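# Structural overview for review
Residues per chain, in single letters:
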Amino acid sequence: MTTNDTAIRPFRIEIPQADIDDLRERLARTRWAADLPGTGWERGVPTAYLRELAEYWAGDYDWRVHEAALNDLPQFTTTIDGAGVHFLHVRSPEPEATPLMLLHGWPGSVVEFTDLIGPLTDPATHGGDPADAFHLVIPSLPGYGFSGPLPGPGWTDGRTATALTELMSRLGYERYGVQGGDVGAFVAPLMGRVAPEHVIGVHVNALVTFPTGDPADMAALTGAERERLALMKQWQEKMGAYLQLQGTRPQTLAHSLTDSPAGQLAWIVEKFKDWTDPAADLPEDAVDRDRILTDVGVYWFTGTAGSAAHTYYERFNDPAMWAPSGRSPVPTGVAVFTTDVSIRRFAEKAHNIVHWSEFDRGGHFAALEAPDLLAGDIREFFRTLTR
């Protein structure tokens, strides 16, 4: 690929059988760590749980079934700013549909959105109003999954946002919306800042908001908001090890995750335990087990665990990330699910909040856990901007 190659090429996922066989062989040879007696999930993924899940991955799970389902969706690749960009492009049967980009986070992938595609592109078939239809563009973030490893350093969230606005322009979309969660909730608002004349609105979930430091803001917090602030503190103290590792020593971590599928599985499945709806005892109680393994498989087969981790290093070391930027002019909608730490009065300092919803079902991976609620909220938000 060359930097000035603007061609859009059809793409199919075709993982070589040798890679699938290698995965199974590596899983069979895993050297399992012993648990410390009397401990559980509070110290990380228990060996018995991980071992059983790895055995299922190597045995009953069939990558080809899920590969074929993804290949039923129109996929393409292009090159932007020297980086490969893979994306799904699913046009609605409604000619006047609103173009909408959906952005995954970490440890996510385009797999997250498969249950949203039908309801958003063809609402009439799913009991909705045809006027709520969207043409969907769903990229693998640069450095993630089928977009392939990054070509070099410097891929900050701002650079990613600029590349993705170029993708929408390349596809001929002059006015469009953006939706994102997790990392996508950082990139989507930046797209609005990069191209406010093109982005009609930004919708986010799993939005991280930081205290302003204003005593008046802190005094005005509601009980529910104080609980979210406490949850954020708990996350920083007890669940933030991945953030520090990926943000400071991504290459050291990359060796482990690229060599050991059991290690890659543990690294990701821990997040499905920590961040899904607390009503779920195990990750697969919140998200289908095969869907989790397909997401893990995207990282494994593409060898992008390290590349994705490097984007955290860029975030940690990007002066623009932490510099005051003022309030975005783009209309913004926020959906808050059970494990989210979003606080409106903090969010309003940086975003033009015109829509705010709170749900008592679904967690961090809303597109996987509660696609009905997320799709409904996306429709409700953009309905106010397009009619």
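Just so it is clear, the structure is predicted and the values come from calculations on it, not from any experiment.

## Considerations on the sheet that holds strand β5 (residues 134–139)
Adjacent strands of a sheet pair through backbone hydrogen bonds, lying either parallel or antiparallel. Judged by pairing direction, the sheet is mixed, and its 9 strands sit side by side in the order β1-β2-β3-β5-β4-β6-β7-β8-β9 without closing on themselves. Only two strands of the sheet have a single partner each, and these edge strands are β1 (9–10) and β9 (352–358). Summarising the sheet, strand β3 (residues 83–90) and β5 pair through 4 bridges and their orientation is antiparallel. Of the residues in β5, the one forming a bridge with H89 is V137.

## A look at unusual backbone geometry
Cis geometry marks the peptide bond from W106 to P107, where omega comes out at 5 degrees. On the secondary structure map, P107 appears in the loop between β4 (98–103) and α4 (114–121). One non-glycine residue, D81, lies in positive phi territory at about 55 degrees. If you trace the backbone, D81 turns up in the loop between β2 (75–80) and β3. Judged by its relative accessible area of 38%, D81 is partly exposed.

## Here's the deal with the packing of aromatic side chains
The final tally for this structure, using the stated rule, is 16 aromatic pairs. Each ring, one from Y144 and one from Y299, has its centre 6.3 Å from the other, and the planes form 70 degrees; the classification is edge-to-face. One end of the pair, Y144, is in the loop between β5 and α5 (157–170); the other, Y299, is in helix α13 (residues 289–302), with 155 residues separating them in the sequence. The same class applies to Y144 as to Y299, namely buried. An aromatic cluster of at least three residues, connected via ring pairs, comprises W106, W235, Y242, F272, W275, Y312 and F365. Stacked on the ring of F186, the Lys or Arg R315 has its end atom at 5.7 Å from the ring centre. In this structure, R315 packs its charged tip against the face of Y312, placed 4.7 Å from the ring centre.

## Some details on the UniProt feature "active site" (unreviewed entry) in the protein
Under the UniProt annotation, "active site" (unreviewed entry) lies at D182, Y312 and H364. Of the residues named above, D182 and H364 line the largest cavity. Position of D182 among the secondary structure elements: in the loop between β6 (176–181) and α6 (183–194). Residue classification places D182 among the buried positions, given a relative accessible area of 13%. For H364, the position within the fold is in the loop between β9 and α17 (366–369). Under the relative-accessibility criterion, H364 is labelled buried at 14%.

## What to know about empty space enclosed by the protein
Taken as a whole, this structure holds 5 cavities of 30 Å³ or more when the rule is applied. As a volume, the largest cavity reaches approximately 100 Å³. What lines the largest cavity is a set of 17 residues, and nearest its centre among them are G105, E112, G181, N205 and H364. Those elements that place two or more of their residues in the lining of the largest cavity are β6 and α17. Looking at the lining of the largest cavity residue by residue, the class counts come to 8 nonpolar, 7 polar and 2 charged. Lining the second largest cavity, in full, are L141, P142, Y144, W155, T156, D157, T160, V183, V187, T311 and R315. Elements represented by at least two residues in the lining of the second largest cavity include exactly α5, α6 and α14 (305–316). A class-by-class count of the residues in the lining of the second largest cavity yields 6 nonpolar, 3 polar and 2 charged.

## With respect to α4
Since one α-helical turn is 3.6 residues long, residues separated by three or four positions face the same way. Three or more residues of α4 are buried, namely L116, I117, P119, L120 and T121. Its buried side turned inward, α4 meets β3, β4, β5, α17 and α18 (371–386).

## Points about the nonpolar core
The biggest cluster of nonpolar side chains holds 80 residues, and the ones touching the most others in it are M101, L103, W106, L167 and M191. With sequence-adjacent residues up to four places away left out, L167 is seen in contact with T78, I80, V85, F87, M101, V137 and P139. L100, V110, L374 and F382 belong to the second largest nonpolar core, which has 25 residues in total.

## Description of the layout of surface pockets
By volume, the largest pocket amounts to about 1100 Å³. Around the largest pocket, the lining is made up of 41 residues, and of these W235, Q236, M239, Y242 and W275 lie nearest the centre. When residues of the lining of the largest pocket are traced back to their parent elements, those giving at least two are α6, α8 (223–239), α9 (241–248), α11 (261–274), α14 and α15 (319–322). Broken down by element, the lining of the largest pocket gets its largest block of residues, 7 residues, from α8. Taken together, the residues that form the lining of the largest pocket break down as 24 nonpolar, 6 polar and 11 charged. What the second largest pocket holds in volume is close to 790 Å³. As for the second largest pocket, its lining consists of 27 residues, and the residues nearest its centre are R193, M321, S325, A350 and H351. Sorting the residues of the lining of the second largest pocket by element identifies α5, α6, α15 and α16 (344–347) as the ones contributing at least two each. Counting residues per element, the lining of the second largest pocket draws most heavily on α6, at 6 residues. By residue class, the composition of the lining of the second largest pocket is 17 nonpolar, 6 polar and 4 charged.

What counts and what doesn't
Position numbers for residues count from 1 along each chain, tracking the sequence in the order it is written. Where totals are concerned, whole chains, interfaces and linings use all residues; where local detail is concerned, this predicted model gives features only for residues with pLDDT of at least 70, and gives and counts side-chain atom pairs only at 80 or more. Side-chain descriptors were evaluated using all non-hydrogen atoms of the structure, hydrogens and water having been removed beforehand. At least two bridges found by DSSP between two strands are what make those strands a pair. By definition, any uninterrupted DSSP run of H or I lasting at least four residues is a helix, any uninterrupted run of E lasting at least two residues is a strand, and each is numbered from the N terminus. Each residue is assigned to one of three classes by its accessible area relative to the maximum for its type, calculated with a 1.4 Å probe on protein chains only: buried under 20%, partly exposed between the two thresholds, exposed over 50%. Aromatic rings from Phe, Tyr and Trp, with only the six-membered ring used for Trp, were paired whenever their centres fell within 6.5 Å, and each pair was classed as stacked if the ring planes differed by under 30 degrees, edge-to-face if by over 60, and tilted otherwise. For a Lys NZ or an Arg CZ to count as sitting over a ring, it must be within 6 Å of the ring centre and within 35 degrees of the ring normal. UniProt positions are given in the numbering used here, feature names are shortened, and annotations may be inferred rather than shown by experiment. Residues are said to line a cavity or pocket when one of their atoms sits within 4 Å of a point; the points come from a 1 Å grid over protein atoms alone, cavities being sets where a 1.4 Å probe fits but cannot get out and pockets being open sets with protein on both sides within 12 Å along at least five of seven lines. Grid points are joined across faces, edges and corners, and a volume is the space filled by probe spheres set on the points. Three classes are used: nonpolar for Ala, Val, Leu, Ile, Met, Phe, Trp, Tyr, Cys and Pro, charged for Asp, Glu, Lys and Arg, and polar for all others, with Gly counted as polar. In what follows, a contact means two residues having at least one pair of non-hydrogen atoms within 4.5 Å. Buried residues of nine kinds, namely Ala, Val, Leu, Ile, Met, Phe, Trp, Tyr and Cys, make up a nonpolar core once their side-chain atoms join them within 4.5 Å.

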